[in-house]
Amino acid sequence: MFEDISHSGDGGLYAEMLQNRAFQQVTPNTAAALNAWHSVNGATLNVVADTIPVSSALPNSLQVTVPAGTVGHVGVGNEGYFGIKVTAGSTYTASFHYRFTTASAFKGSFTVGLQTASGESLASTSVPIAAATTAWAQVNVKLRPTRSASSTANNFTVTLDGAAASGQTVNFALFSLFPPTFKNRPNGMRVDIATTLAEMRPSFFRLPGGNNLEGQTISQRWQWNATVGPLLNRPGRVGDWGYVNTDGLGLMEYLDWCEDLGMQAIMAIWSGFSLDGEAIADGDLGPYIQQAADQINFVIGDPAKSAPAALRASLGHPAAYPLKYVEVGNEDFFQPSTYTYRWHDIVTALQPEFPNIHFIATSDTFSPVLSPNPLQYDVHVYQTPTWFAQNSFFYDGFERNATTYFEGEYAAISLNSSDIFGTPADGRLLFPTMQSSTGEAAFMTGLERNSDIVFSASYAPLLNHLANSQWTPNLVSFDAGTVYPSSSYYVQKLFSLNRGDAYIPSTLPTPLGTLFWSVVRKTSTKEIIIKISNTVETAAPVTFVLPFKTVATTGTAQVLSGAQNASNTPTTPSFVVPKNSTIRTGKTFSYQAPPFSLSVLTLVAH
Ligand SMILES: O=S(=O)(O)O[C@H]1C[C@H](O)[C@@H](O)[C@@H]1CO
């Protein structure tokens, strides 16, 4: 499950290194508009509403004046998203647009570089300025650091020679600094985070949110068409998690990311409700339904018949992307009273146009009654580790009535059942722990047992930048330089990589017990895979009696275990990681599940 929360996108998975790169959605002539930028050697900075904007989508420019009397490198610096990692041997791609506010015969050059915070140069290149004119020009340069920085406290700078440029005023727009990206995609993903996620072998990617789909107001909702095409045409938006979204990570980048990881998109369309509680009135949804139809056509439409599909083709992807599931809104249980008509109007309009799309409802299951009857629901739960351990049979009682379920957001986030969403002082977890991760694992054995009706499941939130988070705990934390997979990440990865392809009935765990397991078969290798979650601090002996003709006498055990509060954190990044061993197996064998552990036992049995 992905959305731009805690800089999951901007400053996280999306590889752009400069924060506030295009002064989007800021108020000119304010200090806040300069967020992440600073003056170098006395230059005067101000974000202005440019009289000649670089594009209609990017009306603001950074105006830099070189005062008389300055010497040396004078200009601007950007601190990145709470740091900039600089690695020797990597090639960084820097670019920016500039124009002089007054044409002149000025001759000079920009110095574009990377420095440590203390001013030591790591990379630098000089770019001659062809002519000081009021027309926009673009600079594209490569930076190759001569050495790696010892920390991420580094800056990207663009400067002029103070003496030569004395009195000059230059407007800048749309800066950008990219490191090498995952699969070398232009405008692509940060390699270390992308690799960490790819190693889970996820089957799907829910986008673009979560709350960040909805907008704090109707006008601030996520709009697919504002997130595709050249970056100059993307205005960005005020996201729902307290920071501006550049929308450089847009619909097509999401779809290409899905393609690169072999994932299906579970794509949301806006359902007519914003987080200030506003809902589009019944009968007024037409334009928003059209926008949703265009969004779906951008993904799967025929370029010969649909303008949005033709746009996709023109942007380099004539073939349709795979798309099976479209989620209608997010957590519409917050306003079921209007979801009844919003769901009805949207789905009755879109289903005939997209007969192969499965629309997912986001209100509580079967309440309110919706028409048409949803065949998919997205179920969310944030709870305590104990709740998860004691609700692994959540789906066992669900009627098998052709309805299927997406466990779209779940995580054990607090130890305080009377204050789930509180602060750490009230029991909220900062990072997953082995108690929370084994609670989730217990719950997931139930999802596996009920995978006839649970078609997908995803922990949430996926990512957070440690320097600026709006939510904890998260599956994978990171800072400007390092990625920190959590204990829950390893639970998700162990389940994903040991999925099997058929569920095998076994003695059922005790619903309110402390030990939980599920058994699947991997047909291609004639193996069975037994997942065991021990959710308490005492080891648990388990005896298996396997009614198969042939059972191997040895198998493998992949075990994630640790103390109740053991966590992977920046100070203990690999405190809990899976350990592999060989175990004795057979038609009957015993196994000791360690305290607070997830064990994945694999053996040939058929
Ligand atoms: O504040 S919440 O509504 O609990 O936010 C939760 C639910 C929402 O779908 C998602 O964006 C967020 C965290 O993953």
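Reading guide: rules and limits
Residues numbered from 1 in each chain as written. Predicted model: local features only at pLDDT ≥ 70, side-chain atom pairs only at ≥ 80, totals over all residues. Heavy atoms only, no water. Helix = DSSP H or I, 4+ residues; strand = E, 2+ residues; numbered from the N terminus. Rg over C-alpha atoms; globule rule 2.2 N^0.38 Å. Buried < 20%, exposed > 50% of the residue type's maximum accessible area, 1.4 Å probe, protein only. Contact = heavy atoms within 4.5 Å. Pairing = 2+ DSSP bridges. Axes fitted to C-alpha atoms, helices over the stretch in contact; angles between N-to-C directions. Near = heavy atom within 4 Å. Polar contact = N/O pair within 3.5 Å; in protein donor to acceptor, adjacent residues only side chain to side chain. Areas by Shrake-Rupley, 256 points an atom, 1.4 Å probe, with all protein chains shown as cover. Nonpolar A, V, L, I, M, F, W, Y, C, P; charged D, E, K, R; others polar. Salt bridge = Lys/Arg side-chain N within 4 Å of Asp/Glu carboxyl O. UniProt positions renumbered as here; feature names shortened; annotations may be inferred. Phe/Tyr/Trp six-rings, centres within 6.5 Å; stacked < 30°, edge-to-face > 60°. Lys NZ or Arg CZ within 6 Å of the ring centre and 35° of its normal. Arc of directions from axis to C-beta. Parallel < 35°, antiparallel > 145°, perpendicular 65-115°, else oblique. Left-handed = near helix turned anticlockwise from the far one by under 90°.

So, about the overall build of the protein chain. In terms of helices and strands, the protein chain carries 9 helices and 30 strands. At 27 Å, the protein chain has a C-alpha radius of gyration in line with the 25 Å of a compact globule built from 606 residues. Principal-axis analysis of the C-alpha atoms gives the protein chain an extent of 90 × 60 × 45 Å. Counting over 606 residues, the protein chain shows a buried share of 58%. For the protein chain, contacts bridging at least 24 residues in sequence account for 74% of all contacts bridging at least 6.

In spatial order, the strands read β2-β3-β10-β5-β8; together these 5 strands make up an open sheet with antiparallel pairing. The open sheet has two free edges, formed respectively by β2 (44–49) and β8 (137–143), since each of these has just one partner strand. The sheet shows a mean angle of 35 degrees between the axes of neighbouring strands, direction not considered. Relative to β8, strand β5 (residues 92–100) is paired through 7 bridges, and the arrangement is antiparallel. Each bridged residue has a counterpart across the sheet, and for Phe96 the counterpart in β8 is Val139.

So, about the site of the ligand. Around the ligand, the surrounding shell consists of Glu3, Gly210, Asn211, Trp241, Asn330, Glu331, Tyr382, Glu409, Pro461 and Trp471. Here Glu331 contributes a side-chain N or O atom positioned 3.4 Å from an oxygen atom of the ligand. A distance of 2.8 Å separates an oxygen atom of the ligand from a polar side-chain atom of Tyr382. The fraction of the free accessible surface of the ligand (360 Å²) that becomes covered by protein chains is 86%. Residues belonging to the shell around the ligand are distributed by class as follows: 4 nonpolar, 3 polar and 3 charged.

Our focus in this paragraph is the pattern of salt bridges. Evaluation of the coordinates by the stated rule reveals 17 salt bridges. Arg185 is the partner of Asp256 in a salt bridge, and the nearest nitrogen-oxygen pair spans 3.6 Å. Within this pair, whereas Asp256 is found in helix α3 (residues 251–261), its partner Arg185 is found in the loop between β10 (169–178) and α1 (191–198), the two being separated by 71 residues in sequence. The buried category is assigned to Asp256, whose relative accessible area is 14%. Measuring nitrogen to oxygen at the nearest pair gives 3.7 Å for the salt bridge that ties Arg206 to Asp378. Placement of the pair is Arg206 in strand β11 (residues 204–207) and Asp378 in strand β17 (residues 376–383), with a sequence separation of 172 residues. Each member of the pair, Arg206 as well as Asp378, carries the same accessibility label: buried. Among the ionic contacts, a cluster of salt bridges with common partners joins Arg185, Asp256, Glu259 and Asp260.

If you trace the 5 strands from one edge of the open sheet to the other, you get β1-β4-β9-β6-β7, paired in antiparallel fashion. The sheet terminates laterally at β1 (37–40) and β7 (121–129), the two strands that pair on one side only. The sheet shows a mean angle of 20 degrees between the axes of neighbouring strands, direction not considered. By the bridge criterion, 8 bridges tie strand β6 (residues 108–116) to β7 in an arrangement that is antiparallel.

A few words on the UniProt feature "domain: Alpha-L-arabinofuranosidase C-terminal" (unreviewed entry) in the protein chain. The UniProt record annotates "domain: Alpha-L-arabinofuranosidase C-terminal" (unreviewed entry) at residues 430–597. Secondary structure over residues 430–597 splits into 16% helix and 36% strand, and the C-alpha atoms at its two ends are 20 Å apart.

Applying the stated rule across the entire model yields 43 aromatic pairs. Both rings, one in Tyr382 and one in Phe421, keep their centres 6.1 Å apart while their planes meet at 70 degrees; by these two values the pair is edge-to-face. Note that Tyr382 is positioned in strand β17 and Phe421 in the loop between β18 (404–412) and α8 (434–449), a separation of 39 residues in sequence. Judged by centre distance (5.5 Å) and plane angle (40 degrees), the ring pair of Phe394 and Phe398 falls under tilted. Phe394 sits in the partly exposed class, given a relative accessible area of 30%. Taken together, Phe23, Trp37, Phe96, Tyr98, Phe100, Phe106, Phe110, Phe172 and Phe175 form an aromatic cluster joined through their ring pairs. Arg449 extends its terminal NZ or CZ atom over the ring of Phe393, reaching a point 3.9 Å from the ring centre.

For Arg206, a relative accessible area of 0% translates into the label buried. A distance of 3.2 Å separates polar atoms of two side chains, one belonging to Arg206 and the other to Glu327. Polar contacts involving the side chain of Arg206 include one to the side chain of Asn330, which spans 2.6 Å. When residues no more than four places from it in sequence are discounted, the contact partners of Arg206 are Met1, Phe2, Ile266, Glu327, Asn330, Asp378, His380, Phe406, Gly408 and Glu409.

Attention now goes to helix α5 (residues 307–314). Within the sequence span of α5, burial applies to Pro308, Ala309 and Arg312. All buried residues of α5 fall inside an arc of 100 degrees around its axis, so they share one side. The exposed set on the far side of α5, more than 90 degrees from its buried face, consists of Ala307 and Ser314. In this structure, the buried side of α5 is in contact with α3 and α4 (286–300). The distance from a side-chain oxygen at the start of α5 to the backbone nitrogen of Ala309 is 3.1 Å, and the residue carrying that oxygen is Ser306. Residue Gly316 follows α5 closely and has a positive phi angle near 110 degrees.

Moving on: the packing of α3 against α4. For the pair α3 and α4, the least separation of the axes is 11 Å and the interaxial angle reads 40 degrees. On the basis of the axis angle, α3 is oblique to α4. Handedness of the crossing formed by α3 with α4: right-handed. For the pair α3 and α4, the contacting residues are Leu251, Met252 and Leu255 in the first and Gln295, Phe298 and Val299 in the second. Along the lines of polarity and charge, the residues of the contact of α3 with α4 split into 5 nonpolar, 1 polar and no charged.

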